[in-house]
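# Geometric and topological summary
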Amino acid sequence: MLRTHTCGELSVHHAGQTVTLCGWVDRVRDMGQGQFIDLRDRYGKTQLVIQPPFTPEIQETVRQLKNEFVILARGTVNQRPEGQDNPLLKTGSIEVLVDHLEILNPSRVPPFLPGASDLPAEEIRLKHRYLDLRRPKLQETLVLRSAITKSMRDYFEAHQFIDVETPILGRSTPEGARDYLVPSRVHKGEFYALPQSPQIYKQLMMVAGYDRYVQVARCFRDEDLRADRQPEFTQLDVEMSFVDEDDVMGIIDGLMQKLARDILGIELSLPLPRLSYDEAMRRFGHDAPDLRFGLEIVDVTPWAAGSDFRVFQTVASGGNFVRGLNFKGVADQFSRKRIDELTAFVQGDFGAKGLAWMKCEADGKLQSPITKNFSESQLAELSRQMDAAPGDLLLFIADSWDTSCRALYGLRRKLGAELKLYDPAAMHFSWVVRFPMFAWDEEGKCWAAMHHPFTAPLAKDLAKLDSDPAAARARAYDLIINGYEAGGGTIRIHDNNIQQQVFALLGLDEEQARMRFGFLLEALQYGAPPHGGIALGLDRITMLFGRLDSIRDVLAFPKNQKAADLMTQAPNLVEQRQLDELHIQLRRKDP
């Protein structure tokens, strides 16, 4: 080993010892009578001190040093003089008096310094990701990710799960997001697909009798990117036999309790709270509500139907909804201009027709440009239903159910953060359960699976697959952390006939179902046990546990929002001979 210690482990207990450190030059300071070098590695920083008399060799080496040079330093550990400790460093109570200094590798002038507070644009950092990864914050995040992964593996091993790798090269079964296709050289004109998830393979593991499966699985989806999505991602994949929803959620409850204890040092009370999908939409307008704060939606549609305000009355009597939020005690923070900005927000981002508002004055009366359209008794009843008090701001959406949900959810999320209605460091874990089985696909004129086509319906809703698919509820459950879906799972269909029935509802006739999923349908006829599972987004969980805003910050080498790797310049053009071997001919782009 070139070094005896890392840059983060020395303390006063090492005083007097001769040590050798290796790392990157973080900063060089010339203090006249000596030089100070901050040496950095992923474990921390150590201050090196070079004091006179200088040897010619050390003097020449120090003269050459620049930021990000890789060096080796040997010297004696010394307790810092009184009053010169640095409490911000783990090694802040010591320094190393150097007697030998060696440049292991110089560095060009970097486009940015990992230790700088004013970082350049993300594009520059992604292009030079190896420099960006030297930043202490990113190093801490990747260490956090490693710790989360280890804690997960330990937990499932203790619960008798076996870790099984499933294929990366598989069959394309286009459902949901687009597949990444891989052409076959051996099978002319045919393609593999990179897995969007190991879903079918893990179900087949249950058919095979393995009872409890787990995998840290790499998955790929060719879809538009967001701050919390990447084209390739990692999920913790779990499947269990002879279980119901409570069994699967119970296992994940225990995992979250362990992670919260191991990683965050907090204790979770179990079982984690559960909301039905219908309740979540009614109270919060979304199936992944942030429950770190209250602020629930109030439905005043019956009141609006009997009011004298034609806009509300028309919406309510026409089968749509008038619903609102009460932002307590903040009315004086909202000028007419700011409310206009909120109106543009719900119109532009969520398609709402408008935003109605009222403020509760000091005398308890509601005031706004529209209050003249209501009688005093109607306003008093609205005030009661909205639990209005002096200083409150009431915001209303009058629209369809879906639009009112989207717009009020957006307002709740936006203003919840802006008004600091919750502690951003807080963590809240919950479940949303009993999702609809299907959503109507207007473009395809058929039903689409809310989760995936292998999801089992509630036993009491089996008959609704024929009579009323929209009313059928699924044996589905999503884990929600701070308003993000951290994982989703279902109890699977283990009966071949029910699976065929669901495929038919999704627009797959018998021949199409056999072509895409024949191997699964056949396997279900060989004694498939009742089974279910879940997939947890490892990247997203790390982002949430690290209190980060972007999923790119938890990946060593992420893609940008155009699914490109700016560092390696992937994707890239390939040689013609490679295309020939794969039997691929490219069409020339139109000018």
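Residues numbered from 1 in each chain as written. Predicted model: local features only at pLDDT ≥ 70, side-chain atom pairs only at ≥ 80, totals over all residues. Heavy atoms only, no water.

### Describing the pattern of salt bridges
Counted by the stated rule, this structure contains 40 salt bridges. The shortest N-O distance in the salt bridge between E239 and R492 comes to 2.8 Å. One end of the pair, E239, is in strand 10 (residues 232-241); the other, R492, is in the loop between strand 21 (484-491) and helix 14 (496-505), and 253 residues separate them in sequence. Neither residue differs from the other here; E239 and R492 are each classed as buried. Between K460 and D461 there is a salt bridge, with the nearest N and O atoms lying 3.4 Å from each other. (Salt bridge = Lys/Arg side-chain N within 4 Å of Asp/Glu carboxyl O. Helix = DSSP H or I, 4+ residues; strand = E, 2+ residues; numbered from the N terminus. Buried < 20%, exposed > 50% of the residue type's maximum accessible area, 1.4 Å probe, protein only.)

### Re the side chain of T371
Along the chain, T371 turns up in the loop between strand 15 (366-367) and helix 11 (376-385). When sequence neighbours within four positions are dropped, the list of residues in contact with T371 reads M358, L366 and L379. (Contact = heavy atoms within 4.5 Å.)

### Comments concerning the sheet that holds strand 2 (residues 35-41)
An order of 1-2-3-5-4 is seen for the five strands of this closed barrel, with the pairing classed as mixed. Neighbour to neighbour, the strand axes of the sheet diverge by 55° on average, direction disregarded. Bridge count for strand 1 (residues 18-30) against strand 2 is six bridges, and the pairing is antiparallel. Counted as the bridge partner of R27 is D38 from strand 2. Across the sheet, helix 1 (residues 56-64) touches strand 2, strand 3 (44-50) and strand 5 (94-105), and the angle it forms with strand 5 is around 75°. (Pairing = 2+ DSSP bridges. Axes fitted to C-alpha atoms, helices over the stretch in contact; angles between N-to-C directions.)

### What about the state of the cysteines?
All told, the structure shown has zero disulfides when counted by the stated rule. The thiol of C7 is not disulfide-bonded; the next cysteine sulfur, from C22, is found 8.1 Å away. Among the residues examined, C7 registers a relative accessible area of 0% and is labelled buried. (Disulfide = S-S within 2.5 Å.)

### Description of the sheet that holds strand 12 (residues 298-299)
In space, the five strands of this open sheet follow the order 12-13-16-14-15, with antiparallel pairing throughout. At either end of the open sheet lies a strand with only one pairing partner, and these are strand 12 and strand 15. Pairing analysis gives two bridges linking strand 12 to strand 13 (residues 321-327), with the strands arranged antiparallel. For V298, the partnering residue across the bridge sits in strand 13 and is G324.

### Points about the pairing of strand 3
Of all the seven residues making up strand 3, six are buried; the element is thus mostly covered by neighbouring parts of the structure. Across seven bridges, the pairing between strand 2 and strand 3 is antiparallel. Bridging across to strand 3, F36 finds its partner in V49. Linkage of strand 2 to strand 3, two consecutive antiparallel strands, is achieved through a turn of two residues. Relative to strand 5, strand 3 is paired through two bridges, and the arrangement is parallel. In the strand pairing of strand 5, V49 is matched with L97.

### So, helix 7 (residues 277-284)
Considered for burial, the residues of helix 7 that qualify are Y277, A280, M281, R283 and F284. Phi for G285, located one or two positions after helix 7, is positive at around 80°.

### Examining the environment of A344
Positionally, A344 belongs in helix 10 (residues 336-350). Each C-alpha atom, one on A344 and one on V300, is 23 Å from the other, the two residues being 44 residues apart in sequence.

### So, the packing of aromatic side chains
Given two aromatic rings, their pairing is described by the distance between the two centres and the angle made by the two planes. All told, the structure shown has 19 aromatic pairs when counted by the stated rule. Plain terms: the ring middles of F429 and F545 are 6.0 Å apart, the flat faces sit at 70° to each other, and that makes the pair edge-to-face. Of this pair, F429 sits in strand 17 (residues 429-433) while F545 sits in helix 16 (residues 538-545), placing them 116 residues apart in sequence. Note on accessibility: F429 and F545 belong to one class, buried. Joined through ring pairs, the aromatic side chains of W303, F309, F312, F374 and F396 make up one cluster. The ring of F293 carries R412 above its face, with NZ or CZ at 4.0 Å from the centroid. In this structure, K414 packs its charged tip against the face of F345, placed 5.1 Å from the ring centre. (Phe/Tyr/Trp six-rings, centres within 6.5 Å; stacked < 30°, edge-to-face > 60°. Lys NZ or Arg CZ within 6 Å of the ring centre and 35° of its normal.)

### A few points about unusual backbone geometry
Cis geometry marks the peptide bond from P52 to P53; its omega dihedral reads 5°. Position of P53 among the secondary structure elements: in the loop between strand 3 and helix 1. With an omega dihedral of 0°, the bond running from A570 to P571 counts as a cis peptide bond. Mapped onto the fold, P571 is located in the loop between helix 16 and helix 17 (576-581). Here the phi dihedral of E68 falls at roughly 75°; this positive angle occurs in a residue that is not glycine.

### Describing a nonpolar patch on the surface
On the surface, I168, L169 and Y192 cluster together into a nonpolar patch covering about 240 Å² of accessible area. Among the structural elements, I168 can be located in the loop between strand 6 (162-163) and strand 7 (181-183). Judged by its relative accessible area of 39%, I168 is partly exposed. (Patch = residues over 30% accessible without salt bridge, like charges linked within 9 Å, V, L, I, M, F, W, Y side chains within 5 Å. Areas by Shrake-Rupley, 256 points an atom, 1.4 Å probe, with all protein chains shown as cover.)

### Description of the nonpolar core
Core analysis: the biggest nonpolar cluster contains 64 residues, and F156, I252, L255, M256 and I481 have the highest contact counts within it. With 24 residues, the next largest nonpolar core counts I297, F350, A407 and L419 among its residues. (Core = buried A, V, L, I, M, F, W, Y, C linked by side-chain atoms within 4.5 Å.)

### Some thoughts on the packing of helix 4 (residues 136-158) against helix 6 (residues 245-264)
Running from amino to carboxyl end, helix 4 crosses helix 6 at an angle of 135°, the nearest separation of the two axes being 10 Å. Judged by the inter-axis angle, helix 4 sits oblique to helix 6. Classified by chirality, the crossing of helix 6 by helix 4 is right-handed. On helix 6, the residues that touch L144, A147, I148, S151, M152, D154, Y155 and F156 of helix 4 are G250, I251, I252, G254, L255, K258, L259, D262 and I263. (Parallel < 35°, antiparallel > 145°, perpendicular 65-115°, else oblique. Left-handed = near helix turned anticlockwise from the far one by under 90°.)

### As for helix 11
Of all the residues in helix 11, the buried ones are Q378, L379, L382 and S383. Around the axis of helix 11, the buried residues are gathered within 140° of arc, so they sit on the same side. Looking at helix 11, the residues exposed on the side facing more than 90 degrees away from the buried face are E376, S377 and R384. In the core, the buried residues of helix 11 are packed alongside helix 8 (301-305), strand 14 (356-360), strand 15 and strand 16 (393-399). (Arc of directions from axis to C-beta.)

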